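The residues making up each chain are set out below.
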Amino acid sequence: MRNWILCSLLVLFLAACGGSPEGPTPTATSPVTVTETPELAPPPTAIIAPTLPPDPTATSDMRLPPERWQEWPIVPAVTGRAIEIYRLGLTLGNDPHAFSKVGDCQNVKAAFMGFFDDPERYILNQDYQYLQETIDQFSGYFNTDGQAVKGGFNAATVLSPLWANPEVCLAGENPLECELRITKPVIVFVSFEVWWEGRTEAEYEKYMRQIIETVMAHGSVPILATKADNVEGDHGLNLTTARLAHEYDLPLWNFWLAVQPLPYHGLDPVRDDGFHISTEGWNVRSFTGLQNLDSIWKGLRDVDTAVALTATPTSTPATLTGFLPTPATGPWLATTQEGLIFGMAVRDGGKYQPQGVYLFDLEAQTTATLLGTGWDFQARSPGGTTFLVNLGSLLYETDGLALRQVSPDFYPYGMTGAMYLEDGSIVFIEAGEGSTQLVHMQVDGGDRQVLTDPGEAPIELYASSDGIRLTWESGSCSGYHVCDRQGAWLTDMQSGESRFLNGLLHPLLSPDGEAMI
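Numbering of residues starts from 1 in each chain and follows the order in which that chain's sequence is written. Whole-chain, interface and lining totals are the exception, using all residues; otherwise, since this is a predicted model, local features are given only for residues with pLDDT of at least 70 and side-chain atom pairs are given and counted only at 80 or more. Water and hydrogen atoms were dropped before computing side-chain values, which therefore reflect all heavy atoms in the structure.

Peer 1: Sorry if this is basic, but what is going on with the overall build of the protein chain here?
Peer 2: Helix numbering and strand numbering both begin at the N terminus, where a helix is a DSSP run of H or I of at least 4 residues and a strand a DSSP run of E of at least 2. Summing up its helical and strand segments, the protein chain has eight helices and 24 strands in all. For every residue, the accessible area obtained with a 1.4 Å probe (protein chains only) is divided by the maximum for its type, and the residue is called buried under 20%, exposed over 50%, and partly exposed between those limits. The buried share among the 517 residues of the protein chain stands at 54%. At a minimum sequence separation of 6, the contacts of the protein chain that also span at least 24 residues come to 62%. Counting only carbon and sulfur atoms, one obtains 53% of the accessible surface of the protein chain, whose full area is about 21,500 Å². It only takes one pair of heavy atoms within 4.5 Å for two residues to be counted as in contact. Residue burial considers only the protein chains on display, and all accessible areas are found by Shrake-Rupley using a 1.4 Å probe.

Structure follows, in structure tokens:
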């Protein structure tokens, strides 16, 4: 037995996961004191917790295969991919003092780590004083429920705009995108326990991939988590989670292993539903969650002292190499001249959702996925070797091997919001203060020029015939491809003048730029 953590937290789960927190009566070995009312009990003088095998300190997973996920450590070391994502996030302006939670009822502040924001509700003994630095670093974010955590959420609902809070989220934005935009976290816990009958592991994997790639593209490091329960009967969701962590080279918090020494393996014997965890399980969850945050944050912080721990935006484009977990099928870079690049969308609940970017090889008559669900295609470069793609408000240029950020404030709702000119420079629509604006800049991020005046509100671009005259549509959008078009404009890039084309909607210019329909 060993000393662990001293807490006087009242752990109340309440309606977040359904019902009241009934469970075994706390004993002298319980790592938490529980009362029947929301009043805090006096801190205990001594609490001994069960030893957690293996010793829960940051250690490499040694890249064991996912099939051996039950042997992976409770607390992983930082990974190479995590370091790369973290550096990208700092260039995007992410807050090094912020972390987020993405998940269901087992992640709400009342159940998971919320008490670390109140020094009167926990005591760290001598062996764990090192964790105080991490508590101080992320002060204010423990006892917070962001936009992507809620009782009843699952891997599908956090990706649906129907579940976003309209009071703080933008039109068409899903809860995950909303949370990443508002909080700008450097680390994100991704943990889902609930999966409903009839849904397959393949569907869970599909949604989890989109969550992972969305978090990564925002420059936030995902920490994936196993779960204590086995409601599916074969540990299939934990295995899938481990496979994704292995494939993307991301940290995995093995919560399942952490609760194995506890009575009933951390599950509540009173409810006996195979899902809800016990009081002891809640304490282990918060404590090992903190250890994971500590291990990954300090690993990111210490690996490269040249990276400043302040969120300082820079004009240097951020690049995320090897973003795709595996190369697209076939030699697509060599066949783009003979193929079609396109995006797809589906209608879901009255709204359209981007479904990815694809290459159709005209010669082989095959289709390869270039970027998965949530990504949208914007334009192809004159030489055909690079493309403009976006994931919500993040606009990137890609050659299929690396993603280079163009703008974190792209306006993604019109049919086409970005394009190349003949000289290889880029024009795109950016969300400004209270409106949108048309921006022209070089590929390397230099010579940035705003082409429109405040209030002109561009929402859509049309192909330029000569690279000098730009035609675009003004208006407003309430969601992805749900727009009210109010009229077309013509902007002369040489003079910088724009004029309203009264009465014209959806104009199409002739090749010489002299006629319009």
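Peer 1: What am I meant to see in the pattern of salt bridges here?
Peer 2: One speaks of a salt bridge when a side-chain nitrogen belonging to Lys or Arg is within 4 Å of a carboxyl oxygen belonging to Asp or Glu. Scanning the model with the defined rule gives 13 salt bridges in all. With a closest N to O distance of 2.6 Å, D229 and K227 form a salt bridge. One salt-bridge network, held together by shared partners, links E133, D294, K298 and R301.

Peer 1: Would you take a moment to explain helix α1 (residues 80-91) for this structure?
Peer 2: Note on helix geometry: an α-helix contains 3.6 residues per turn, so any two residues three or four positions apart are oriented the same way. End to end, α1 covers 17 Å across 12 residues, agreeing with the expected 16 Å (1.5 Å per residue, within 8%). Within α1, burial applies to R81, A82, I83, I85, Y86, L88, G89 and L90. By this rule the span expected of a helix is its residue count minus one, scaled by 1.5 Å.

Peer 1: For this particular structure, what's the right way to read the state of the cysteines?
Peer 2: In protein chemistry, a disulfide is the covalent bond that joins the sulfur atoms of two cysteines. Throughout, disulfides are identified as pairs of cysteine sulfur atoms within 2.5 Å of each other. This structure, assessed with the given rule, holds two disulfides. Note that C169 is cross-linked by a disulfide to C178, the S-S spacing being 2.1 Å. Its S-S torsion of about -95° marks the bond between C169 and C178 as left-handed, since a negative value means left-handed. Note on cysteine connectivity: C477 is disulfide-linked to C483, with sulfurs 2.0 Å apart. Since a negative S-S torsion denotes a left-handed disulfide, the C477-C483 link at about 100° is right-handed.

Peer 1: Can you help me understand the layout of surface pockets in this one?
Peer 2: By rolling a water-sized probe across the atoms, one finds the places where empty space is left. Detection works on a 1 Å grid of protein atoms alone, calling trapped sets that fit a 1.4 Å probe cavities and calling open sets with protein on both sides within 12 Å along at least five of seven lines pockets, with lining residues defined by an atom within 4 Å of a point. Grid points are joined across faces, edges and corners, and a volume is the space filled by probe spheres set on the points. Empty space within the largest pocket amounts to approximately 780 Å³. Contributing to the lining of the largest pocket are 37 residues, with L170, E173, G392, S393 and Y413 lying nearest its centre. Elements with a contribution of two residues or more to the lining of the largest pocket: α3 (175-183), α4 (201-217), β11 (351-361), β14 (387-391) and β22 (469-479). Considering every element that reaches the lining of the largest pocket, the biggest residue donor is β11, with four residues. Each residue belonging to the lining of the largest pocket can be placed in one class, and the counts come to 18 nonpolar, 12 polar and seven charged. The nonpolar class holds Ala, Val, Leu, Ile, Met, Phe, Trp, Tyr, Cys and Pro. Asp, Glu, Lys and Arg form the charged class, and all remaining residues, Gly among them, are polar.

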